[in-house]
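Geometric and topological summary
Here are the chains, one letter per residue:
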Amino acid sequence: MSAILSVDELNDFISPGVACIKPVETLPQKTTPKDNDDSNEHEVILEGQPGQGQEGLAPPAQISLTDCLACSGCVTSAEAVLVSLQSHNEVLSVLDAAAALRVVNNTSSGGSGFAVEGLQDPSARLFVASVSPQTRASLAAACGHGVTERQAGRMIEQLFMGTDGLPGGGRWGNGFTWMVDTNTACEACLVLGSDEVLRATSPTKQTLPLLPSDKPATPTITSSCPGWVCYAEKTHPYVLPHLSRVKSPQALIGTLVKTTLSRSLGISPDRIWHLAIMPCFDKKLEASREELTDAVWAGDGKPGRGIRDVDCVITSKEILMLAASRGIDFFALPKVAASQPLFPDRLIHSFLFATRSRQQSRVAGTSGGNLHYILHDVQSRHPGSRIETARGRNVDVVDYAVVAASGETLFKAARYYGFRNIQNLVRRLKPAKASRMPGGKPFGGAKRPVGRSSGMDYAYVEVMACPGGCTNGGGQIKVDDQAIIDRKGLLTKPGPQEQKDWLAEVDEAYFSADEPDSGQDPKDEVVDGISPSKIRDTLAHWSDMTGIGLDRLVYTSYREVVSDVGKSQITDTERVVQLAGKIGGGW
């Protein structure tokens, strides 16, 4: 990246060279530097440029869709900079910047409420972290010896909050004040997502208050996978109207933390530093979206540069790197829950730190269970109905239907995991183009009649970029990572079968938290272990206490990202005309 790149220029695509290539691990040929040429001390030579010998050329490489999506040519320079700032090193840097803010509960001593100490230092922050269940499962599998997902979560708490972890070292001995489970936000997302889908499929029958102003097109498609959203925005913008407007659990918990703490403690949201621990590197891109800042919920409601709801994202494997950076053996940390202080709002505290444990269904999968919950919500509204499944062309494509007792199909949905299957999905959603010839038939897409946006009869489609779901995310610990090779005592590099067995171990750890539900009021209407009424009451309370409309808190938006790759560069004359137009010259 150029050293003279300014902040104002961080909105462009990094265009690839003459040809798009897959990086190949080859050593450069030794060359003798010119004696008098020091003007390009850090010159970068691209393959195929003059001066590079044919013996140094790499053979043509096969490019897969995975390679294309991983190429920096499809990532804006702004995204590249923001992602590079999100790492375990950034966590340590922020922790060592200044003494952390301290929240003091005065209610036990007869005081009026909560107070914050240390505000006189502008660099001081209040540290809060959220952890995904997939991360806990990955670390539980890495621990081995029957360690459960719940026990791995306690080890993570000890790393960030205990004296044996990060608070035991560093310049200031800082730790995190709260660590929350994203499963709580996931439950809210499930209820909101089901309400959204049911309204879209039968608007005259639903009287649901918590809905976005612009409902998505049918079929509604999951939007909690950032890899899929990024792909749709940059390559298939016609899919965007189908994306669910509900925020992902990471985004929702970020907004909840920043809004409730800033309003209840009377501090600016930039004094709260929120870390998310996720199974996916693309979650770093999600955290960088302008749609997920205080410009939306505290400003005019439009996306813009502001204080991010999630300041930093690290992945499961970066947890081990974080611990190693401080000389901490993660696998030796106690499996004891850390003490969580009372959250400033009691109802929000009971929501974030619920004592009950919702049973995770293996049928729901390892990606949050969006589709599974919607199917059961539809079934609960039609007594006597049943859920039928039919496998598609591979294990990551499954069709679902809710069928009434009479045999009538009430609701149809599907699951598409992995980009190989996603390609087939977006191809079926592609609208047909009208012919310019009089009487001509539409062409392109699926040859559908003009005005019909989809040839699919699904009401909902759950899409995840990773085959197998989120436990197979790119940021998860892999069986060929050195830490796992050492712990398992492997003598050879793990092969495909070992990788398959490892993923099965992670999935088993993910479901190891299964426990019967407890603490539910028998009078509550429960769908798949969740009380929708309690969720809606909590969301309404959140909106009331912050004074922010619920639509700004729980919903988001998407936009087409246009690349300039392959387009002619703007001339100086055109640039002057554009600048004059912006200034108001009236050319």
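Residues numbered from 1 in each chain as written. Predicted model: local features only at pLDDT ≥ 70, side-chain atom pairs only at ≥ 80, totals over all residues. Heavy atoms only, no water.

Before going further, it helps to spend a moment on the overall build of the chain. Along the backbone of the chain there are 19 helices and 11 strands. Counting every position in the chain, which comprises 587 residues, the buried fraction comes to 46%. Restricting to contacts in the chain with at least 6 residues of sequence separation, those with at least 24 account for 72%. On the chain, roughly 29600 Å² of surface is accessible, and the fraction owed to carbon and sulfur atoms is 52%. (Helix = DSSP H or I, 4+ residues; strand = E, 2+ residues; numbered from the N terminus. Buried < 20%, exposed > 50% of the residue type's maximum accessible area, 1.4 Å probe, protein only. Contact = heavy atoms within 4.5 Å. Areas by Shrake-Rupley, 256 points an atom, 1.4 Å probe, with all protein chains shown as cover.)

Okay, the packing of aromatic side chains next. Scanning all chains against the criterion turns up 7 aromatic pairs. Here the aromatic rings of Phe 127 and Phe 176 are separated by 5.5 Å at their centres, their planes lie at 50 degrees, and the arrangement is tilted. Here the residue Phe 127 occupies a position in strand E3 (residues 126–131), and Phe 176 occupies one in the loop between helix H5 (149–161) and strand E4 (178–181), the gap between them amounting to 49 residues. Considered together, Phe 127 and Phe 176 belong to a single accessibility category, that of buried residues. Note on Tyr 510 and Phe 511: the rings are 5.1 Å apart at their centroids and 90 degrees apart in plane angle, and the pair reads as edge-to-face. For the pair Tyr 510 and Phe 511, one class covers both residues: buried. Aromatic rings pair up to connect Phe 127, Phe 160, Phe 176 and Trp 273 into one cluster. Sitting over the face of the ring of Tyr 417, Arg 415 holds its NZ or CZ atom 5.1 Å from the ring centroid. (Phe/Tyr/Trp six-rings, centres within 6.5 Å; stacked < 30°, edge-to-face > 60°. Lys NZ or Arg CZ within 6 Å of the ring centre and 35° of its normal.)

Below, the discussion takes up the pattern of salt bridges. Enumeration over the complete set of coordinates arrives at 19 salt bridges. Close ionic contact of Arg 289 with Glu 291 constitutes a salt bridge, the shortest N to O distance being 3.5 Å. Like Glu 291, Arg 289 is buried. The partner of Arg 386 in a salt bridge is Glu 388, with the nearest N and O atoms 2.9 Å apart. (Salt bridge = Lys/Arg side-chain N within 4 Å of Asp/Glu carboxyl O.)

Another point: the side chain of Ser 531. Here Ser 531 lies in the loop between helix H16 (496–510) and helix H17 (532–546). A polar contact is formed between the side chain of Ser 531 and the side chain of Ser 533, at a distance of 3.2 Å. (Polar contact = N/O pair within 3.5 Å; in protein donor to acceptor, adjacent residues only side chain to side chain.)

For H17, which comprises 15 residues, the first-to-last C-alpha distance of 21 Å matches the rise-based estimate of 21 Å (1.5 Å per residue) to within 8%. Buried residues of H17: Pro 532, Ile 535, Arg 536, Thr 538, Leu 539, Trp 542, Ser 543 and Thr 546, and no others. Angularly, the buried residues of H17 cover 160 degrees about the axis, an arc narrow enough to put them on a single face. Of the residues in H17, the exposed ones pointing more than 90 degrees away from the buried face are Asp 537 and Asp 544. Structurally, H17 contributes buried residues whose contacts are with helix H6 (182–201), helix H8 (249–265), helix H12 (346–352), helix H13 (370–380) and helix H18 (550–554). At the exit of H17 stands Gly 547, carrying a positive phi of roughly 70 degrees. (Expected span 1.5 Å × (residues − 1). Arc of directions from axis to C-beta.)

What follows covers the confidence of the model for the chain. The predicted model of the chain has a mean per-residue pLDDT of 80, with 72% of residues at 70 or higher. Confidence drops under a pLDDT of 50 for residues 1–56, and excluding neighbours within four residues, the segment shows 52 contacts in the predicted structure. A low-confidence stretch, residues 447–454 stays under pLDDT 50, and its non-local contacts, those more than four residues away or across chains, total 17 contacts. (pLDDT = per-residue confidence, 0-100.)

A few words now on the sheet that holds strand E6 (residues 272–278). Each strand in a sheet pairs with another by means of backbone hydrogen bonds, the pair being arranged parallel or else antiparallel. Across the sheet, 4 strands lie side by side as E4-E3-E6-E7; this open sheet has parallel pairing. Looking at which strands have only one partner, the edges of the open sheet turn out to be E4 and strand E7 (312–315). Pairs of neighbouring strands in the sheet enclose a mean axial angle of 25 degrees, with direction left out of account. Pairing between E3 and E6: 6 bridges, direction parallel. Counted as the bridge partner of Ser 130 is Ala 276 from E6. Relative to E4, H6 is tilted by about 40 degrees, and along the sheet it contacts E3, E4 and E6. Contacts from helix H11 (residues 316–325) reach E6 and E7, with the element oriented near 95 degrees to E7. (Pairing = 2+ DSSP bridges. Axes fitted to C-alpha atoms, helices over the stretch in contact; angles between N-to-C directions.)

Right, let's get into the packing of H6 against H17. Their axes nearest at 10 Å, the elements H6 and H17 cross at an angle of 100 degrees. Here H6 lies roughly perpendicular to H17, going by the angle between them. Residue-level inspection shows Glu 187, Ala 188, Val 191, Leu 192 and Asp 195 of H6 in contact with H17, the latter providing Pro 532, Ile 535, Arg 536 and Leu 539. Partitioned by chemical class, the residues of the contact of H6 with H17 number 6 nonpolar, no polar and 3 charged. (Parallel < 35°, antiparallel > 145°, perpendicular 65-115°, else oblique. Nonpolar A, V, L, I, M, F, W, Y, C, P; charged D, E, K, R; others polar.)

Per the stated rule, a full pass over the model turns up 0 disulfides. Just so you know, Cys 186 is unpaired, no disulfide at all, and the nearest cysteine sulfur is the one on Cys 189, 6.3 Å from it. Just so you know, Cys 225 is unpaired, no disulfide at all, and the nearest cysteine sulfur is the one on Cys 280, 6.1 Å from it. (Disulfide = S-S within 2.5 Å.)

A few words on the packing of helix H7 (residues 226–235) against helix H14 (residues 419–429). Here H7 crosses H14 at 45 degrees, and the two axes come no closer than 12 Å. Classified by the angle their axes make, H7 and H14 are oblique. Both H7 and H14 take part in a crossing whose hand is right-handed. From H7, Gly 227, Trp 228 and Tyr 231 reach across to H14, where they touch Phe 419, Ile 422, Gln 423 and Val 426. Per-class residue counts for the contact of H7 with H14 are 5 nonpolar, 2 polar and no charged. (Left-handed = near helix turned anticlockwise from the far one by under 90°.)

The next point concerns unusual backbone geometry. Of note, the bond from Thr 218 into Pro 219 is cis; its omega dihedral lies within 30 degrees of zero at 0 degrees. By the secondary structure assignment, Pro 219 is in the loop between H6 and strand E5 (220–221). A positive phi angle is found at His 145, which is not glycine, with a value near 55 degrees. By the secondary structure assignment, His 145 is in the loop between helix H4 (133–143) and H5. The exposed category is assigned to His 145, whose relative accessible area is 79%. You will see that Asp 528, though not glycine, has its phi angle at about 50 degrees, which is positive. Within the fold, Asp 528 resides in the loop between H16 and H17.

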